[in-house]
Amino acid sequence: LCVIPSSDLGKMVILTASYLWLYPTDSFSVIGPSEPIVAMLGADTVLACSVFPAMNLENMELRWFRSKLSEAVFVYRDGMEQAGEQIVDFKGRAELVKDYISEGRVAVRIHNLRVSDNGMYKCFFKKGSDFEEASLELKVIGLGSGPHTFMVGPEDEGIKLKCTGKGWFPQPEVQWKDARGEKIPSLSEDETQDDDGLFQVEASVIVRDSSKSEVSCSMKNPFFGQEQVETIFIPEPFFPRTSPWKVAFLVTFLILGIFIGAVVYLAWKEQKGKKKLSEARKEKEEEKNAKGKTESDSVGICECMGLLIWLLAVTLDPNTAHPNLHLSDRKHVYLKENIHRNGDTPTHQEQRVSDDILTILGQKCPTEGRHYWDVEVNTKTEDGSGTKWALGVCSDTAKRQGWFVESPEKKFWVMIYDQGKVSVPASKKESLPLRQLPRRIGVFLDWDAREVSFYNMIDGSHIYSCTGIPTGETLCPYFSLRGAGTSLTIPLDSDHTETSTAAQDLSHVCDLHHSQGSNWQPHGS
């Protein structure tokens, strides 16, 4: 018997008038159940479908299938069953219910439901060249054997219980509860499926509280909602008792653990002290070796607030010089006279691409320690008009060909002089006030603090400090010229004639640097 739910029948009645007006009389739609069909494993069920508007279906093709048309559950065509198109799983188990076929209602009855029957189906109706289909969902439920609960034995200061069940589909929900209905979490749950697809479940729990002597295990089908419960009673003498000797052992073990922990901590502390002393000796030795290495690149050593500072004898590297620069004794650099530079040409972000920056690097590039050198600036005019130059440090990997931006982002940490104004490259161009034109600039590179500072050695004032220099860079003294009649000279030489003056300048720089709130630390700290 094929029965259409009252809700679906109501929809058919309401839509009849409008459907007949909108569509030709040969058009139709197929309607299936709006809710999943729930049936028990091993029982029979029907997959019912109907057409709207109602019409005789005897001369139509009627097909029920799974995901593909070829996976036919049942096929009716030319007034008879087409058994040859039916898949093997449903041969002998599916039949057409056609008591109301003349009224547009038919169904396929499936006998002896299996787990493999669970899932989606489609009914497909075809009349001439017109066809429509509807989807159905079948939920097959297997209520297996009731949970079997039993005691395994004492374990982990409690009683271990186990609950088993088999023949369930789909996988059941397992829940342990005490006599008051409070849930007890499972220790473990294992599920397996047999050849028929049915689930076998095994769950366990450890009960340590002797007041929970009555424990129940339930298994519930998540679709059907039917639950099966079994309760077990645990006699109070079955629960393990705490031995006084066990308590004494635990206390003794705790005290012993604290004692061992204290011994380990003291040993660790002593070892840490030895390691710190060893590292200090190693650092002192490395500093001694570094001193020997750096002395070859320096003309003297000064001490400032306990710090060793090297007076770096900078020589200009001709291999890094722009072709339009002229070197003299590797200490003096100036523009070649036949090169005309427009003094009004903008610098940095404002420079035109065609305006090359003429640069040169120092030959010695320190990679550690603290170093000082100074530079004399010579200009054609007294007030420095038409003069442009920059000095400081840059990475040995920085791009210096053609036009470029002298900024920390491009690995340049410099001060820039442009027609009476000193500026520093930043996200926003920043001009610095000066008491007078800097003609001798002291440069102090502090690798430990990762900064380079500039000082006007004419009036003894601090100009600017670039901080946050990244580690892992090799920094070289950097110089650039952009103005006719401008030259730069490195006064500190290896013959020590300028060492005394430079040392006095460095002492003054040290005082200035300290007053600026430097993060210097005494040597060896």
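Source: prediction; values computed, not measured.

Some words on the overall build of the protein
Logical step 1: A count of helices and strands for the protein gives three helices and 33 strands.
Logical step 2: Considering the protein as a whole, with its 525 residues, one finds that 42% of them fall into the buried category.
Logical step 3: The long-range fraction of contacts in the protein, counting pairs at least 24 apart against all pairs at least 6 apart in sequence, stands at 63%.
Logical step 4: In the form shown here, the protein has an accessible surface area of approximately 28500 Å², with 52% of it arising from carbon and sulfur atoms.

A look at unusual backbone geometry
Logical step 1: A cis amide bond links Phe52 with the next residue in sequence, Pro53, at an omega value of 0°.
Logical step 2: Note that Pro53 resides in the loop between strand S3 (45-52) and strand S4 (61-65).
Logical step 3: With omega at -10°, the peptide bond leading from Phe169 into Pro170 counts as cis.
Logical step 4: Mapped onto the secondary structure, Pro170 falls in the loop between strand S12 (158-168) and strand S13 (173-178).
Logical step 5: A positive phi is found at Glu157, a non-glycine position, where the angle reads about 60°.
Logical step 6: Residue position: Glu157 is located in the loop between strand S11 (148-155) and S12.
Logical step 7: For Glu157, a relative accessible area of 57% corresponds to the exposed category.
Logical step 8: A positive phi angle, near 60°, is found at Asp329, a position not held by glycine.
Logical step 9: Positionally, Asp329 belongs in the loop between strand S21 (325-328) and strand S22 (332-335).

Describing the pattern of salt bridges
Logical step 1: Applying the stated rule across the entire model yields 20 salt bridges.
Logical step 2: The shortest N-O distance in the salt bridge between Lys411 and Glu473 comes to 3.6 Å. Linking Lys411 in the loop between strand S25 (388-395) and strand S26 (412-418) with Glu473 in the loop between strand S31 (461-467) and strand S32 (475-481), this pair joins segments that are 62 residues apart in sequence.
Logical step 3: Where salt bridges share partners, they join Glu61, Arg63, Arg77 and Glu85 into one cluster.

Brief notes about the nonpolar core
Logical step 1: Formed by 35 residues in total, the largest nonpolar core has its most connected members in Trp373, Leu391, Val452, Phe454 and Phe479.
Logical step 2: Apart from residues no more than four positions distant in its own chain, Phe454 is found in contact with Leu391, Gly392, Trp413, Val414, Met415, Ile441, Gly442, Val443, His462, Ile463, Tyr464 and Cys466.
Logical step 3: If you look at the next biggest cluster of nonpolar residues, it comprises 30 residues, including Leu57, Leu62, Val73 and Phe125.

Some thoughts on the sheet that holds S13
Strand pairing in a sheet relies on backbone hydrogen bonds. The paired strands run either parallel or antiparallel.
Logical step 1: Pairing within the open sheet is antiparallel, and its four strands lie in the order S14-S13-S17-S18. Looking along the sheet, the strands with just one partner apiece sit at the ends: strand S14 (183-184) and strand S18 (227-233).
Logical step 2: Note: strand S17 (residues 214-220) against S18, seven bridges, orientation antiparallel. The residue of S18 that forms the bridge with Ser216 is Thr231.

So, the packing of aromatic side chains
Two numbers describe a pair of aromatic rings. These are the distance of the centres and the angle of the planes.
Logical step 1: One pass over the full model with this rule turns up eight aromatic pairs.
Logical step 2: Aromatic side chains Phe124 and Phe131 sit 5.4 Å apart centroid to centroid with 35° between the ring planes, which places their arrangement in the tilted category.
Logical step 3: According to the relative accessible area criterion, Phe124 is buried, its value standing at 8%.
Logical step 4: Phe131 sits in the partly exposed class, given a relative accessible area of 47%.
Logical step 5: Between Tyr265 and Trp268, the aromatic rings sit 5.9 Å apart at their centres with planes inclined by 35°, giving tilted as the arrangement. Taken together, the residues Tyr265 and Trp268, both in helix H2 (residues 244-295) and three residues apart, mark about one turn of the helix.
Logical step 6: For Trp268, a relative accessible area of 48% gives the class partly exposed.
Logical step 7: Site record: aromatic cluster; members linked through ring pairs are Phe404, Phe412 and Tyr478.
Logical step 8: Its guanidinium or amino end placed over the ring of Tyr100, Arg105 lies 4.5 Å from that ring's centre, counting from NZ or CZ.
Logical step 9: The lysine or arginine in question, Lys139, covers the ring of Phe223, its NZ or CZ lying 4.0 Å from the ring centre.

Side note on the state of the cysteines
Logical step 1: In the structure shown here, the tally under the stated rule is three disulfides.
Logical step 2: A sulfur-sulfur distance of 2.1 Å marks the disulfide that ties Cys49 to Cys123. Taking the sign of the S-S torsion, about -95° here, the bridge from Cys49 to Cys123 comes out left-handed. Taken together, the residues Cys49 in strand S3 and Cys123 in strand S9 (residues 119-127) connect sequence positions 74 residues apart. Here Cys49 matches Cys123 in class, with each residue buried.
Logical step 3: A disulfide bridge connects Cys365 with Cys476, and the sulfur atoms are separated by 2.0 Å.

Each value, and the rule that gives it
Every residue gets a number counted from 1 within its own chain, in the order that chain's sequence is written. Totals for whole chains, interfaces and linings use every residue, but because this is a predicted model, local features are given only for residues with pLDDT of at least 70 and side-chain atom pairs only at 80 or more, for both listing and counting. Water and hydrogen atoms were dropped before computing side-chain values, which therefore reflect all heavy atoms in the structure. For the purposes of this entry, the term helix denotes a DSSP run of H or I that reaches at least four residues, the term strand denotes a run of E that reaches at least two, and both are numbered from the N terminus. Burial classes: relative accessible area under 20% of the type maximum marks a residue as buried, over 50% as exposed, and values in between as partly exposed (1.4 Å probe, protein chains only). Whether two residues are in contact is decided by their heavy atoms: any pair within 4.5 Å suffices. Per-residue accessibility takes into account occlusion by the displayed protein chains alone, with areas from the Shrake-Rupley method and a 1.4 Å probe. Any Lys or Arg side-chain nitrogen located within 4 Å of an Asp or Glu carboxyl oxygen qualifies as a salt bridge. Side-chain atoms within 4.5 Å are what join buried Ala, Val, Leu, Ile, Met, Phe, Trp, Tyr and Cys residues into a set we call a nonpolar core. Pairs of strands are assigned from DSSP output, requiring at least two bridges between the strands. Note on ring pairs: Phe, Tyr and Trp rings are taken, using the six-membered ring of Trp, and paired if centres are within 6.5 Å. Classes follow the plane angle, with under 30 degrees stacked, over 60 edge-to-face and the rest tilted. Our definition puts a charge over a ring when NZ of Lys or CZ of Arg is within 6 Å of the ring centre and also within 35 degrees of the ring normal. Defined by distance alone, a disulfide is two cysteine sulfur atoms within 2.5 Å.

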